[in-house]
Amino acid sequence: MGRHGTIAGRKAAQDSKRAAMFTKYGRQIIVAAKAGGDPEYNATLRVAIEKAKAIGMPNDNIKRAIKKGTGELEGESYEELSFEGYGVGGVAVIVEALTDNRNRTTAAVRSTFDKHGGNLGAPGCVSYMFSRKGVIIIEKTDDIDEDALMETALEAGADDMITHEDSYEIQTAPENYTAVHGALTDAGYEMIDSDVEFVPSMESAPKDAHDLKQLKKMIDILEDNDDVQKVHHNCSVDLEEVK
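Because the structure is predicted, anything quoted here is derived from the model rather than measured.

A. Quick peek at the environment of Ser236. Tracing the chain through its elements places Ser236 in the segment after strand E8 (228–233). Distance from Ser236 to Val91, taken between C-alpha atoms, is 9.1 Å for residues 145 residues apart in sequence.

Structure below.
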């Protein structure tokens, strides 16, 4: 499974960061709702709401976030930022953020890279090593018909489905992600994870155990930052298993 880890690992990571994920998903809903507060007509908002519900975010939080996005409630205004750089061992890292304070977020990300042997670079310095893809993970269970799942995904516009030991990984072009996510939800499939990600086309890993711990710590600290939405990297070692 490498970079994606196991289903159990994903669930444990999500549970341990639930409060932080409420904050992150709330921001996604606020930003999505700016284009309209009705999920029936706003596919991006619909996906953001479904993902928030899947991690147990209360309906009141979701409604409040939508109202902030549409302007019914006063709320913060968020902008999207992206950072690129290297962690120890030459591992490429991309950090996506939604922030109401560009200077605060930039300073925090830069300092986290610096303190853990990393190096923040210019835009474009590592993104060429990744391709942008929608990635949807569904747990493999006895009641899922693999052919039916693949047919639903491909008919909705998915590019590929990869069968792992304990999960199915559906990949889409970024522009087809919301349609595929919607079709799978309508068909009753439960997603363990779902997002548009930077998928590495080449991988790297520190040779040294100490460096691996340092890399894991840097990525954990970045992920714990409320402003950071997602951290992508091309480390071939599953960092969830690094102790």
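Resuming the write-up.
B. Main features of the state of the cysteines. On inspection of all chains with the given rule, the structure shows 0 disulfides. No disulfide involves Cys235; its sulfur sits 17 Å from that of Cys125, the nearest cysteine.

C. Summary view of the sheet that holds strand E2 (residues 92–99). Spatial ordering of the open sheet is given by E3-E1-E2-E8, a layout of 4 strands whose pairing is antiparallel. Because the sheet does not close on itself, it has two edges, and the strands there are strand E3 (119–120) and E8. Contacts between helix H8 (residues 209–224) and the sheet are confined to E2 and E8, with E8 contributing the most and set at about 155 degrees to the helix.

D. Summary view of the sheet that holds strand E6 (residues 167–172). The strand order E5-E6-E4-E7 describes an open sheet built from 4 strands, whose pairing is antiparallel. Taken across any chain shown, the strands that pair with only one partner, and hence form the sheet edges, are strand E5 (160–163) and strand E7 (193–200). Pairs of neighbouring strands in the sheet enclose a mean axial angle of 30 degrees, with direction left out of account. In the sheet, strand E4 (residues 130–139) pairs with E7 via 8 bridges, with the strands oriented antiparallel. What sits directly across from Phe130, in E7, is Pro200. Along the sheet, helix H7 (residues 177–186) makes contact with E4, E6 and E7, crossing E4 at roughly 5 degrees.

E. Focus on the confidence of the model for the protein. In the predicted model, the protein carries a mean pLDDT of 91, and the fraction of residues at 70 or more is 94%. Looking over the protein, one finds the lowest element-wise mean pLDDT in helix H1 (residues 7–16), namely 66, and the highest in helix H5 (residues 102–115), namely 97.

F. Layout of H5. Taking 1.5 Å per residue, 14 residues should reach 20 Å; H5 reaches 20 Å between its end C-alpha atoms and fits that length. For H5, the set of buried residues is Thr105, Val109, Thr112 and Phe113. Projected down its long axis, H5 shows its buried positions confined to an angular sector of 100 degrees, all on one face. Opposite the buried face of H5, at more than 90 degrees from it, the exposed residues are Asn103 and Lys115. Where H5 begins, the capping side chain belongs to Asn101, and its oxygen is found 3.2 Å from the backbone nitrogen of Asn103. Backbone geometry just downstream of H5 places Gly117 in the positive-phi region, at approximately 75 degrees.

G. Spotlight on the packing of helix H3 (residues 43–54) against helix H4 (residues 59–70). Where H3 meets H4, the closest approach of the two axes is 10 Å, and the angle between their N-to-C directions is 155 degrees. Looking at the two axes, H3 sits roughly antiparallel to H4. Crossing of H3 against H4: the hand is right-handed. Contacts between H3 and H4 pair Leu45, Ile49, Ala52 and Lys53 from the former with Asn59, Ile62 and Ile66 from the latter. In the contact of H3 with H4, the residues fall into 5 nonpolar, 1 polar and 1 charged.

H. Helix H2 (residues 18–33), seen in detail. For H2, spanning 16 residues, the distance from its first C-alpha to its last is 22 Å, which sits close to the expected 22 Å at 1.5 Å a residue. Turning to H2, its buried residues are Ala20, Met21, Lys24, Tyr25, Gly26, Arg27, Gln28, Ile29, Ile30, Ala32 and Ala33.

I. Expanded view of the pattern of salt bridges. Tallied over the entire structure, the rule returns 11 salt bridges. With a shortest N-O distance of 2.7 Å, Arg46 and Glu50 are connected by a salt bridge. Here Glu50 and Arg46 lie together in helix H3, a separation of 4 residues that amounts to about one turn. By relative accessible area, which is 26% here, Arg46 ends up partly exposed. Residue Glu50 is classed as buried on the basis of its relative accessible area of 18%. Residue Asp100 is joined to Arg104 by a salt bridge in which the shortest nitrogen-to-oxygen separation is 2.7 Å.

Quick notes on the rules
- Residues numbered from 1 in each chain as written.
- Predicted model: local features only at pLDDT ≥ 70, side-chain atom pairs only at ≥ 80, totals over all residues.
- Heavy atoms only, no water.
- Helix = DSSP H or I, 4+ residues; strand = E, 2+ residues; numbered from the N terminus.
- Disulfide = S-S within 2.5 Å.
- Pairing = 2+ DSSP bridges.
- Contact = heavy atoms within 4.5 Å.
- Axes fitted to C-alpha atoms, helices over the stretch in contact; angles between N-to-C directions.
- pLDDT = per-residue confidence, 0-100.
- Expected span 1.5 Å × (residues − 1).
- Buried < 20%, exposed > 50% of the residue type's maximum accessible area, 1.4 Å probe, protein only.
- Arc of directions from axis to C-beta.
- Polar contact = N/O pair within 3.5 Å; in protein donor to acceptor, adjacent residues only side chain to side chain.
- Parallel < 35°, antiparallel > 145°, perpendicular 65-115°, else oblique.
- Left-handed = near helix turned anticlockwise from the far one by under 90°.
- Nonpolar A, V, L, I, M, F, W, Y, C, P; charged D, E, K, R; others polar.
- Salt bridge = Lys/Arg side-chain N within 4 Å of Asp/Glu carboxyl O.

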